[in-house]
Amino acid sequence: MTEPATSTSSLPSDSVSKLSLSPSAKMTTTNEITLSVVPDWSLLPVELLHIISKNLDDCFDALHARSVCTLWRSIFPFPSHLSRLSYSLPTLDNKGSWSLERIPLFLFRPRALAASEYFLGGIRRYEEPEEEEELPSPIQCSVKVKIPESDPKLMKMNDCQIFPLGHQYRMIGCNAKEYRNVVVLPLNQEGGGDFVVLLNFTKVLLVYRSTEMRWRRLHTQPFTTATCEELFTFRGKFYAIFISGDVFAFDPHFLGLTTLKPLELPNCGSCNDLVQSGDDELFLVEKIIPRNDDVLDFNRLALRVCRLDVEAGQWVVVTDIGDRVFIIGEFGSVSCSAKEFPEGCGVSGNSILYTHKPWNETYFYKYGVDTGREEDDLNCWWYSRENLVTILSTYPVVALRVERNEPNIKDMGLRL
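From a predicted model like this one, the values you see are computed outputs, not experimental measurements.

**Some details on the nonpolar core**
Part 1 of the reasoning: By size, the foremost hydrophobic cluster in this structure holds 21 residues, and its most contacted members are L107 and L400.
Part 2 of the reasoning: Elements that contribute at least two residues to this core include exactly β4 (97–110), β5 (117–122), β9 (160–172), β23 (324–329), β24 (332–337), β27 (381–393) and β28 (398–404).
Part 3 of the reasoning: Those residues within four positions of L400 in sequence are excluded, and the remaining contacts are S116, E117, Y118, L353, T355, V389, T390, I391 and L392.
Part 4 of the reasoning: Membership of the second largest hydrophobic core comes to 18 residues, among which are F283, V318, I321 and I352.

See below:
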């Protein structure tokens, strides 16, 4: 029988030179000391590093690789998916400039914290921390978080579980009171450099074409008379949703509008949100507010979810969104898979969460929940009290905690 190795003497001499020994030692069952051997990854051949760099599909794997040593950092490029692309655009009076930034969004969970705590927001490149001696060098990516009763701090991304959620655009330097959001579409779907920017000023939409390099007002009904809540892009088209709940689609050349009016809701008020799931599906989430004697009853607020049938140009009511979780709030509307969440954290699929509430406690909406009221239609999405969601912070990122909750049948009142 082969005896267990008790030192590094059994290793080839060239291998010993490329390995570093851990300072810790452990006893075997025969009371012999075995030193654990840890590879020194910085000594891998450069040719092998180039091969590895071409096969890293996950952008955060590339970040971790860049953090090994200076050599790896020089070979592994910073992931383009994490770069905040910036474009300089003129102000409306052409006397200055704004910065249009493309910001990647992520849902991330620090492994050092409770499994139920999550952060949602943009992550930026940060390579020169102010307190570098306290952080592993080089730090490639971080996010500033703010939790109530604590100072803002930078959180290291290499200690987090991370879920990409797409990206959004922001107009930096545009401080106008009625500025809402901005979206961008390429003019050439094959990858050309020309693009169109649509800027939302509530009742005024402004268009910027890279081929013209100036702003123009969009003189198209109903954009000149109604309040535009949000702008979106999906499958090469712009989508505008109005305070009335109406949705319009139009191409980047503005050759005509397609009305995507939601289905009728008798004796109810509503306000709507659009949620894109991947590149193939667009959903409309409607808040349904019943009327009692012509007064809106916010205590009975429910949801209806529709999917866009692109070919037919109409909304189709759905009762199941699969394993997806829709999160709607300060950073717009995002969709992620519940399968990516850790076991036991309480997050399940086919659910919807609103984070922009006037209070810090809320719940997921789920389809067919029994509210305990006979007048409520079960064919809607209602608050599910299985999990309590505490909104810890909304700026500069959304911080939330998900906890198991024992439902209280006596307290089934719903809040907006």
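**A closer look at the sheet that holds strand β15 (residues 237–242)**
In a beta sheet, neighbouring strands pair by backbone hydrogen bonds and run either parallel or antiparallel.
Part 1 of the reasoning: One open sheet accounts for 4 strands, arranged β14-β15-β16-β17; its pairing is antiparallel. Two strands close off the open sheet at either side, each with one partner strand: β14 (228–234) and β17 (258–259).
Part 2 of the reasoning: Judged from the 2 bridges that link them, strand β16 (residues 247–250) and β17 form a sheet pairing that is antiparallel. Paired with A249 across the two strands is T258, which belongs to β17.

**Some thoughts on the sheet that holds strand β12 (residues 205–209)**
Part 1 of the reasoning: Taken together, 4 strands build an open sheet; the order of strands is β10-β11-β12-β13 and the sheet is antiparallel. Each edge of the open sheet is held by one strand with a lone partner, namely β10 (181–186) and β13 (215–217). When the angles between neighbouring strand axes are averaged without regard to direction, this sheet yields 25 degrees.
Part 2 of the reasoning: Bridge analysis of β12 against β13 gives 3 bridges, and the strand direction is antiparallel. Looking across to β13, one finds that V207 is bridged to R216.

**Considerations on the confidence of the model for the chain**
When pLDDT is low, close inspection of the predicted coordinates is not appropriate.
Part 1 of the reasoning: Predicted confidence across the chain gives a mean pLDDT of 77, with 76% of residues reaching 70 or more.
Part 2 of the reasoning: Long-range and interchain partners of residues 1–30, a stretch whose pLDDT sits below 50, account for 33 contacts in this model, where long-range means more than four residues apart.
Part 3 of the reasoning: For residues 127–138, every residue scores under 50 in pLDDT, and the model assigns this stretch 15 contacts once sequence neighbours within four places are set aside.

**Observations regarding the side chain of D273**
Part 1 of the reasoning: For D273, the position within the fold is in strand β18 (residues 268–277).
Part 2 of the reasoning: Side chain to side chain, D273 and K287 meet in a polar contact 3.4 Å long.
Part 3 of the reasoning: Other than its neighbours up to four places away in sequence, D273 contacts I241, F283, L284, V285, K287, I328, S333 and Y354.

The rules we used
Residues numbered from 1 in each chain as written. Predicted model: local features only at pLDDT ≥ 70, side-chain atom pairs only at ≥ 80, totals over all residues. Heavy atoms only, no water. Core = buried A, V, L, I, M, F, W, Y, C linked by side-chain atoms within 4.5 Å. Buried < 20%, exposed > 50% of the residue type's maximum accessible area, 1.4 Å probe, protein only. Helix = DSSP H or I, 4+ residues; strand = E, 2+ residues; numbered from the N terminus. Contact = heavy atoms within 4.5 Å. Pairing = 2+ DSSP bridges. Axes fitted to C-alpha atoms, helices over the stretch in contact; angles between N-to-C directions. pLDDT = per-residue confidence, 0-100. Polar contact = N/O pair within 3.5 Å; in protein donor to acceptor, adjacent residues only side chain to side chain.

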